[in-house]
Amino acid sequence: MSIFRLRGVHLNHCKNTAKSAPKRISVPKTVIIPMSMHIGAPARPCVKVGEDVKVGQLIGETAQGLSSPIYSGVSGKVKKIDEIILSNGTHVQTVIIESDGLQTVSESVVPPVVTNREEFLDAIGKSGIVGLGGAGFPTLVKLAADVSKIDTIVINGAECEPYITSDTRTMIDDAELVAEGIEMLMKYLEVKRTVIGIEKNKPECILSMQKATSGIDGVQVKPLPAIFPQGGEKVLVYHSVGRVIEEGKLPVDCGVIVINCTTVACIARYMHTGMPLVEKCITVDGSAIAEPQNIIVPIGTSAMDVANACGGFREPPRKIMYGGPMMGIALPDMSSPVIKQTNAILFFGRKEATPPKVTPCIKCGRCTNSCPFGLSPTEISKAYKAGDGATLEKLKVNLCMECGCCSYVCPAKRNIVQRNKLAKTMLRNYQNSKKGEAK
Amino acid sequence: MFLVSPAPHVRAKDSTTSIMLDVIIALIPTLIASVIIFGFDALALTAICVITCVIGEFVFQKICKRDVTVGDLSAVVTGMLLAFNLPASLDIWWQAIIGSLVAIIVVKQLFGGIGKNFANPAITARVMMLISFSGAMSKFPAVNDAISSATPLSGGEMPSYLRLFLGNHGGSLGETCALTLLIGGVYLLVRRVITWHTPVAFVGTVFLFALILGENPVQHILTGGLLLGAIFMATDYSTTPPTKWGKVIFGVGCGLITVLIRVFGSYPEGVSFAILFMNILTPHITSLTRRKVFGGVKK
């Protein structure tokens, strides 16, 4: 067991909305539901234009393999099936539904009957649940792994990104559901031990989860230091169970399944109600928004509708982000829909949004010293500029999880993590061409 | 229109300018001490060096059509550090001006400006001046009550420890007062501009090595430019290793060379040569002490 001290950065937590219990917004007039929200094959629309849909009705069928079904979060009429550009830049097919405001629930929504592992996994596959921490990895694929190797479930309650408090609210308001979900996972996956990792800046969550899980054998709540990126998968696994996920390996390879607390709550809720994943609790915050708060919105609600539900703007927004300020994606316009794994929308005003001036690197080494994994961004940058794939391989840029600590601490305000992402692509191309030559 | 830019969307407060400002603040107590010890000559010399460095950088960048970076205050730091390495009696101003221009143009700008120079500008300029203007550079002004006109290292009578600590003895204008240099060092540590590794390794090595050679280690620490060099020059970002162990190796190397030159060399002082020599080794030290990557597998 190596004693590697993972570094990171201390951020201003800005958890302004931690006390705001999520409330459901009035149903938006239209929702835009993309058929591809995460990695894997896109779903196929199974409704036609003009067709009536109800809440919880299947509108996107799963393709083979890595995929997840998509359901409608509103009742109404399918207005259009169109192609849009998603916030990550990909073109995807989209079902646009005009809601009738009645929210009639579909007959297909019935609680699943689960008695064994197969039925449990089948239910999860049908629920449309994906990793709600942000990555959106289909939960079924994660849980269907070879369970014989798994001895521990790690529940991610770190929520290390500033501003976001949707997981915080889950752990406070839905602690019972999380506990139930954990029980189900332990029962059907036959795992004896669960560790819930929660950052120490959320004492309320720690207490609430300890209370809710006190009756379950083998569940431990582990308070973790509030250092970004505590919720990164490898960081979380190392800090909560002391195991190192090596290069090219998955958590499963070291006997662990990592799953977000809100995902677990969603699983439990689905088992009770049969209502698939059609709505999402999101944190709305930032200097431009009038009333920062947590709200529950149907998937497909546009950023514009979200802003209107939160009292509109205090000042004109200059930058809009899906996700937290460290790893979130900036949106080009406000028509972008909330997707399954969206956990926050931030509206920054002029002062917060104005980008700092980039100045030359002074080689202070803060990037290296704040990298959780000990990468050397200055050297990566040099190798990238030189187009040197072999050196990039040696510097292991492929392990960069793009947490952004390096860019955050840089006194010269350089976009270091962006360079790392480009270097990762360069390395991949280099390795592919090397493989090609070998053949 | 909304701004679309890569994550992260929040940044730490520190900037290059704020870091340089911290260094300047840390140098101010020593500047005040030098004025008390050596009179207003010290202030005038510092001003000349700072002004020459800033104007030199500005004009050079204008001529070369580069972005003007004098706003980051690094030229001010270079000017101050160079002045602190000169005797206050350097009454021929053009020597100070030439030194400043060598520091800022030859050593810094010709290599690409801030962050790209491999040698410390102030140190290199001082070494150049020591060799070019040997006479003026090794004649130190008489302090208030004239104890010696030479640095104690070159064989003058050794003053008391207290006197050495307070700086009331011969030497370059910013190197004599250990008290204010240590105050500046603590300030930089608290502000996290520098880490303790290099200064402690540097001074510690000088202490141990001097002890082994039968010299008085405390005198070695309190005289000459050791504290100025260890706290302010051997911690320069672009010319020293960024890694923790790299900093330790750098400090130990500086300490060994300093004592070797002081005890066996023909120059009374070796701090500048030691730092300059270690500057050259920095890239190698950096790559030898690279952090192990978490979860990395050797292929």
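Above this text is the structure in question.
Residues take numbers from 1 onward in each chain, read along the sequence in its written order. Written order decides the labels, with chains lettered from A and ligands numbered from 1. pLDDT decides what is reported in this predicted model: residues at 70 or higher carry local features, side-chain atom pairs at 80 or more are listed and counted, and totals for whole chains, interfaces and linings draw on all residues regardless. Computation of side-chain values covers all heavy atoms of the structure but excludes hydrogens and water.

A. Broad picture of the overall build of chain B. Only DSSP runs of H or I with at least four residues qualify as helices, and only runs of E with at least two residues qualify as strands; both kinds are numbered from the N terminus onward. The helix and strand inventory of chain B stands at 13 helices and zero strands. Values of the radius of gyration come from C-alpha atoms, whereas the globule rule sets the reference at 2.2 Å times the count of residues to the power 0.38. A compact globule built from 299 residues would reach a C-alpha radius of gyration of about 19 Å, and chain B, at 20 Å, matches this within 12%. If you line up chain B on its principal axes, its C-alpha atoms span 70 × 45 × 30 Å. With a 1.4 Å probe rolled over the protein chains alone, any residue whose accessible area is under 20% of its type maximum counts as buried; one over 50% counts as exposed, and the rest are partly exposed. Among the 299 residues that make up chain B, the fraction classed as buried is 56%.

B. Up close: the overall build of chain A. On a plain count of helices and strands, chain A comes out with 14 helices and 17 strands. Taking 22 Å as the expected radius of gyration for a compact globule of 439 residues, we find that chain A reaches 22 Å, a close match to that expectation. Along the first, second and third principal axes, the C-alpha atoms of chain A reach 60 × 55 × 50 Å. Whether two residues are in contact is decided by their heavy atoms: any pair within 4.5 Å suffices. Within chain A, contacts between residues at least 6 apart in sequence are counted, and of these 72% link residues at least 24 apart. Within chain A, one finds 52 positive and 41 negative side-chain charges whose respective centroids are separated by 9 Å. We treat Lys and Arg as the positive residues and Asp and Glu as the negative residues; His and chain ends play no part in the count. Charge coordinates come from a single atom per side chain, which is NZ of Lys, CZ of Arg, CG of Asp or CD of Glu.

C. Region of interest: the packing of helix 3 (residues 74-84) of chain B against helix 5 (residues 121-132) of chain B. Residue and element names in this part refer to chain B. Axis definition: a line fit to C-alpha positions, over the contact stretch in the case of helices; interaxial angles, taken between N-to-C directions, run 0 to 180 degrees. In contact at an axis separation of 8 Å, helix 3 and helix 5 are set at 35° when each is read in the N-to-C sense. Where helix 3 crosses over helix 5, the handedness of that crossing is right-handed. On helix 5, the residues touching Thr78, Leu81 and Leu82 of helix 3 are Pro121, Ala122, Ala125, Arg126 and Met129. Note on residue classes: Ala, Val, Leu, Ile, Met, Phe, Trp, Tyr, Cys and Pro are nonpolar, Asp, Glu, Lys and Arg are charged, and everything else, Gly too, is polar. Along the lines of polarity and charge, the residues of the contact of helix 3 with helix 5 split into six nonpolar, one polar and one charged. It is the rotation of the near helix from the far one that decides the hand of a crossing: anticlockwise by less than a right angle makes it left-handed, clockwise makes it right-handed.

D. Representation of the interface of chain A and chain B within the structure. Contact with chain A, which involves 63 residues of that partner, is made by 35 residues of chain B. Any Lys or Arg side-chain nitrogen located within 4 Å of an Asp or Glu carboxyl oxygen qualifies as a salt bridge. Connecting chain A to chain B are two salt bridges. Two N or O atoms form a polar contact when they lie within 3.5 Å of each other; inside protein one atom must be a possible hydrogen donor and the other a possible acceptor, and for residues adjacent in sequence the pair counts only when both atoms belong to side chains. On the surface where chain A and chain B come into contact, there are 23 residue pairs in polar contact (both at pLDDT 80 or more). Within the residue set of the side of chain A that touches chain B, elements represented by two or more residues are helix 6 (233-241), strand 15 (319-322), strand 16 (329-330), helix 9 (350-353), helix 10 (366-370), helix 13 (405-409) and helix 14 (416-438) of chain A. Of the residues contributing to the side of chain A that touches chain B, the split by class is 36 nonpolar, 12 polar and 15 charged.

E. Region of interest: the pairing of strand 14 (residues 293-298) of chain A. Residues and elements named next belong to chain A. Burial within strand 14 is extensive, with six of its six residues counted as buried. Burial of strand 14 is two-sided: the residues Gln293, Ile295 and Val297 facing one way and the residues Asn294, Ile296 and Pro298 facing the other way are all buried. Two strands form a pair only when DSSP identifies at least two bridges running between them. Across two bridges, strand 1 (residues 23-24) lies against strand 14 in parallel orientation. Bridging across to strand 14, Lys23 finds its partner in Ile295. Judged from the six bridges that link them, strand 13 (residues 279-285) and strand 14 form a sheet pairing that is antiparallel. If you follow Thr283 over to strand 14, its bridge partner there is Asn294.

F. Here's a closer look at unusual backbone geometry. Cis rather than trans, the peptide bond between Phe228(A) and Pro229(A) has omega equal to -5°. For the bond from Ala7(B) to Pro8(B), the omega torsion is -5°, close enough to zero to count as cis. As for its position among the elements, Pro8(B) is in the segment before helix 1 (16-38). Of note in the backbone geometry, Gln103(A) takes a positive phi value of approximately 55° without being a glycine. Here the phi dihedral of Lys396(A) falls at roughly 60°; this positive angle occurs in a residue that is not glycine.

G. A look at the environment of Gly101(A). With respect to the helices and strands, Gly101(A) occurs in the loop between strand 8 (91-99) and helix 1 (117-127). Distance from Gly101(A) to Leu140(A), taken between C-alpha atoms, is 32 Å for residues 39 residues apart in sequence.

H. Layout of the packing of aromatic side chains. Two rings from Phe, Tyr or Trp (for Trp, the six-membered ring) form a pair when their centres sit within 6.5 Å of each other. Planes less than 30 degrees apart are called stacked, planes more than 60 degrees apart edge-to-face, and all others tilted. Evaluated as defined, the whole model comprises eight aromatic pairs over all chains. Pairing Phe373(A) with Phe294(B) gives two aromatic rings, centres 5.4 Å apart and planes at 25°, and the pair type is stacked. With one member in each of two chains, Phe373(A) in the loop between helix 10 and helix 11 (377-385) and Phe294(B) in the segment after helix 13 (271-288) form a pair that bridges those chains. Judged by relative accessible area, which is 2%, Phe373(A) ranks as buried.

I. Focus on helix 11 of chain A. If you check which residues of helix 11 of chain A are buried, you get Pro377(A), Glu379(A), Ile380(A), Ser381(A) and Ala383(A). Against the buried residues of helix 11 of chain A lie helix 10, helix 12 (389-395), helix 13 and helix 14 of chain A together with helix 13 of chain B.

J. The arrangement of a nonpolar patch on the surface in detail. Where nonpolar side chains cluster on the molecular surface, the patch consists of Ile51(B), Ile55(B), Phe58(B), Val59(B), Ile63(B) and Val68(B) and spans about 520 Å² of accessible area. Tracing the chain through its elements places Val68(B) in the loop between helix 2 (40-63) and helix 3. Patches in this entry comprise residues that are over 30% relatively accessible and not in a salt bridge; like charges within 9 Å are linked, as are nonpolar side chains (Val, Leu, Ile, Met, Phe, Trp, Tyr) within 5 Å. All accessible areas in this document rest on Shrake-Rupley with a 1.4 Å probe, and a residue is counted as covered only by the protein chains that are shown.

K. Inspection of the pattern of salt bridges at higher detail. Applying the stated criterion across every chain yields a total of 19 salt bridges over all chains. Between Arg269(A) and Asp174(A) there is a salt bridge whose closest N-O contact spans 3.0 Å. Of this pair, Arg269(A) sits in helix 7 (residues 261-273) while Asp174(A) sits in the loop between helix 3 (166-173) and helix 4 (175-188); the two residues are 95 residues apart in sequence, bridging distant segments of the chain. Residues Arg366(A) and Asp14(B) are paired through a salt bridge, measuring 2.8 Å at the closest nitrogen-oxygen approach. Of this pair, Arg366(A) sits in helix 10 while Asp14(B) sits in the segment before helix 1, on two different chains.

L. Seen up close, the side chain of Arg126(B). Residues and elements named next belong to chain B. With respect to the helices and strands, the residue Arg126 is situated in helix 5. Within the buried set, Arg126 has no salt-bridge partner at all; the shortest N-O distance to an opposite charge, 4.5 Å, is to Glu175. In this structure the side chain of Arg126 is engaged in a polar contact, spanning 2.8 Å, whose partner is the side chain of Ser272. With near-sequence residues (within four places) excluded, Arg126 lies in contact with Leu82, Asn85, Met137, Ser172, Glu269 and Ser272.

M. Structural detail: the side chain of Asn420(A). By the element assignment, Asn420(A) lies in helix 14. Dropping the residues within four chain positions of it, Asn420(A) is found in contact with Pro377(A), Ile380(A), Val397(A), Cys400(A) and Cys406(A).

N. Geometry of empty space enclosed by the protein. All names here are of chain B. Put plainly, a pocket is an open set of points on a 1 Å grid over the protein atoms alone with protein on both sides within 12 Å along at least five of seven lines, a cavity is a set where a 1.4 Å probe fits but cannot get out, and a lining residue has an atom within 4 Å of a point. Grid points are joined across faces, edges and corners, and a volume is the space filled by probe spheres set on the points. Following the criterion strictly, the structure yields five cavities of 30 Å³ or more and no others. Here the largest cavity defines a volume of roughly 370 Å³. Lining of the largest cavity is provided by 24 residues; of these, Met20, Val77, Leu81, Asp236 and Tyr237 occupy positions nearest its centre. Residue assignment for the lining of the largest cavity shows that the elements contributing at least two residues are helix 1, helix 3, helix 5 and helix 11 (226-233). Of the residues forming the lining of the largest cavity, the biggest block, four residues, is contributed by helix 3.

O. Seen up close, a positive patch on the surface. On the surface, Lys363(A), Lys382(A), Lys385(A), Arg66(B) and Lys116(B) cluster together to form a positively charged patch. Along the polypeptide, Lys116(B) turns up in the loop between helix 4 (93-108) and helix 5.

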